[in-house]
Amino acid sequence: MNPSTALARVLVDELARCGLSEAVVSPGSRSTPLALALVAHPEVRVHVRVDERSASFLALGLARVSRRPVAVVCTSGTAAANFHPAVMEASESGVPLLVLTADRPPELRGTGANQTVDQIGLYGSAVRMFAEVGTPDPAPGMVAYWRSLSCRAWAAAVGGRPGPVHLNVAFRDPLTPDEPGTDAPSWTEPLEGRDRGRPWIGRPGPRAEPAPFHLPDVERGVIVCGDGDYDPVPFLALAELTGWPLLAEPTSNARRVGAISTYRQLLASPRFASGPAPELVVSVGRPNLSRQILAYLRRAERHVVVTAGAIGDPCAALANAFSDPARTATDVVAAVAAPEGLDLNRPRRTDWSRWWWRSEAAARTAVDTVLDADEALSEMRLARDLVSHLAAGSLLFAGSSMPIRDLDAAMRARCGVRLVGNRGVSGIDGTVSTAIGAALAHQAGGEGGQAYALLGDLAMLHDQNGLVIGPGEPRPDLAVVVVNNDGGGIFSGLEQAGHPDFERVFGTPHGVSMERVAAVADLPYTRLEWATDLPKALLGEGLRVIEVQTTRTDSAILRRRVQAAVDEAVDGVL
């Protein structure tokens, strides 16, 4: 067996022993050994994409929903650079990825050899671990090195702070397996791993649960659940017991019964915002979706940040692993418990909690009244109604910019739907591919419910290559709902909106119908106009596109009307 084939087969086999079951490959010559080793392995499902950026975001979506590392493979040169945005997102959102970049051997680097760039440490601090695997030489000890390195890479990807790992693998010719019957040299030692399919390095079982930090007994407490993949149930239970309001971003998956669904408008309401300041804020995840939340954090007398995986001294062990964008954290802890002395059988209700729930009831009615006044689908009504119509067990991928913010502003509290999005870096690149990967993982093995994506038109155009899936490739059952307002709608609500060059520089109109995008990928297309037609439009199977056309001006006016209605309603009850 030639050295390149030996290295690739050992790496793939050891990663599979660790738990690898999904991989994404883009075509290329130098990565041939890895691609063929993955395709040949019976425990790994391989996806092929012609665009490396789409491939990496597909892997990101697969890993985000499955909560398991996914390998993504490319050839040398600019192919590896196209992985960088997905690597950055994976790093910031804590998604485990195994980035395997093929490279030219050392003797070809720095010589002007074709398709050769410096790939050493290409992704900088965005990876949890980087290793230059080295060329595969037939020397004793190489198999142990490759297998132990694979285990180390897997452990780094899934460790206390999950994220991407980069292995740069140099291959010399020949890049394809030896032909049967050829007089190929035998390897210097057996290539097999441990017996009974065990990984080379065993991993210990789950760590002991950290001792919880007992929160102070205050009346004016608030719980903020930001984006992240953590269990929201303990925080909902804490809110129920203490009477503290729970403010939940959509991708926290904590906006269930017991959460405040209109906190975004309440915190923007002058009358409400001028009310009593919180004595304590408990936050978990990454609460960075709205300016109102960040401003509210600054008002708190004490801010306890909960970060999963912090053992011992969390500030020393996870100095950069907790979210504190407003720089207001006073305590960073691994887990929290209700204040001591509370009666677990008698949830506490105070003037503070009643003040919040009275405001929530008035604001919820105001929001729904404005949105229901017109049967034509607005962006906010689409976001609210889409979540409401999804069956239990469904997955919803939320695009960045306005889709996630409209969900935050309009969706009611509900259970049974898992919401995910690229909130680590919050870019719009790769969103189609991430949504497809998320749907594939959600429906892996024939399990899981329906999958949906709510995207903006610029996000769709930015990653329309993600819709191009070759024949025979795994395909999801995914309805991609696209809000087409002919440009960048988020800027209409920002300071730039008044600039004389706004429309060209920020509005960026494009004039492209999503029907044309769907036609390029040969996908079913539906145009949706009326709210009553939404349930019917969502029916169907396979990958499909649903377009809702809106205007940026009308949407901005509607959002202001909603806020004005909430302001008036709150003034009437406070």
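Attention here is on the structure that accompanies the text.

Considerations on the packing of helix α3 (residues 52–66) against helix α5 (residues 84–93)
Item 1. One way to put it is that α3 packs onto α5 with a least axis distance of 8 Å and a crossing angle of 20 degrees. Comparing the axis directions of α3 and α5 gives the class roughly parallel. The interaxial crossing formed by α3 with α5 has right-handed handedness. Counted together, Ser56, Phe57, Leu60 and Arg64 of α3 and Pro85, Ala86, Glu89, Ala90 and Ser93 of α5 form the full contact between these two elements.
Item 2. Among the residues forming the contact of α3 with α5, the class breakdown is 5 nonpolar, 2 polar and 2 charged.

What about helix α14 (residues 402–410)?
Item 1. In terms of residue burial, α14 counts as a mostly covered element, since 8 of its 9 residues are buried.
Item 2. What α14 keeps buried is the set Met402, Pro403, Ile404, Asp406, Leu407, Asp408, Ala409 and Ala410.

Notes on the pattern of salt bridges
Item 1. According to the stated counting rule, one finds 33 salt bridges in the structure shown.
Item 2. With its nearest N and O atoms 2.9 Å apart, the salt bridge here joins Arg147 to Asp13. With a gap of 134 residues between them, Arg147 in helix α6 (residues 142–158) and Asp13 in helix α1 (residues 3–18) connect regions that are remote in the sequence. Across the pair, Asp13 and Arg147 agree in class, each one buried.
Item 3. Linking Asp229 and Arg67 is a salt bridge whose minimum nitrogen-to-oxygen distance equals 2.7 Å. Of this pair, Asp229 sits in the loop between β8 (221–225) and α7 (233–242) while Arg67 sits in the loop between α3 and β3 (70–74), placing them 162 residues apart in sequence.
Item 4. When salt bridges with common partners are traced through the structure, they connect Arg364, Asp368, Asp372, Glu375, Arg381, Arg384, Asp385 and Arg412 into a single cluster.

Considerations on the environment of Leu458
Item 1. Of note, Leu458 is situated in helix α16 (residues 457–462).
Item 2. Between the alpha carbons of Leu458 and Ala366 there is a distance of 30 Å; along the sequence they are 92 residues apart.

A few points about the pairing of strand β1 (residues 22–25)
Item 1. Neither face of β1 is open: one carries Glu22 and Val24, the other Ala23 and Val25, and all of them are buried.
Item 2. Here 4 bridges tie β1 to strand β2 (residues 45–48), and the two strands are oriented parallel to one another. Note on β2: the bridge partner recorded for Glu22 is Arg45.
Item 3. The β-α-β motif built from β1, the intervening helix α2 (residues 32–40) and the parallel element β2 has right-handed crossover chirality.
Item 4. The sheet contact formed by β1 and β3 spans 3 bridges and is parallel. Across the sheet, residue Val25 finds its bridge partner in β3, namely Val73.

Remarks on unusual backbone geometry
Item 1. In this structure, Pro174 follows Asp173 across a cis peptide bond, with omega equal to 0 degrees.
Item 2. Positionally, Pro174 belongs in the loop between β6 (164–170) and β7 (213–214).
Item 3. Phi is positive for Asn253, close to 60 degrees, though the residue is something other than glycine.
Item 4. Position of Asn253 relative to the elements: it lies in the loop between β9 (246–248) and α8 (263–268).
Item 5. Take Asn253: its relative accessible area is 17%, and that puts it in the buried class.

Conventions we followed
- The written sequence of each chain sets the order in which its residues are numbered from 1.
- This being a predicted model, a pLDDT of at least 70 is required before a residue's local features are given, and a value of 80 or more before pairs of side-chain atoms are given or counted; all residues contribute to the totals for chains, interfaces and linings.
- Side-chain measures were taken over the full set of non-hydrogen atoms in the model, leaving aside hydrogen atoms and water.
- Angles here are taken between N-to-C directions and fall from 0 to 180 degrees, while the axes themselves are lines fitted to C-alpha atoms, restricted in helices to the stretch in contact.
- The helix and strand labels rest on DSSP assignments: H or I over at least four residues marks a helix, E over at least two residues marks a strand, and numbering proceeds from the N terminus.
- Oblique is the label for any angle not covered by the other classes, which are roughly parallel (under 35 degrees), roughly antiparallel (over 145) and roughly perpendicular (65 to 115).
- Whether a crossing is left-handed or right-handed is set by the direction in which the near helix is turned from the far one by less than a right angle, anticlockwise for left-handed and clockwise for right-handed.
- Here a residue-residue contact requires only that any non-hydrogen atoms of the pair lie within 4.5 Å.
- Lys, Arg, Asp and Glu make up the charged group, whereas Ala, Val, Leu, Ile, Met, Phe, Trp, Tyr, Cys and Pro make up the nonpolar group; the residues left over, Gly among them, are polar.
- Any residue under 20% of the maximum accessible area for its type is buried, any over 50% is exposed, and the rest in between are partly exposed; the area is computed with a 1.4 Å probe on protein chains only.
- Should a side-chain nitrogen of Lys or Arg be within 4 Å of a carboxyl oxygen of Asp or Glu, the pair is scored as a salt bridge.
- When DSSP finds two or more bridges between a pair of strands, those strands are recorded as paired.
- By convention, orient the strands away from the viewer: a clockwise path from the first strand over the helix to the second makes the crossover right-handed.

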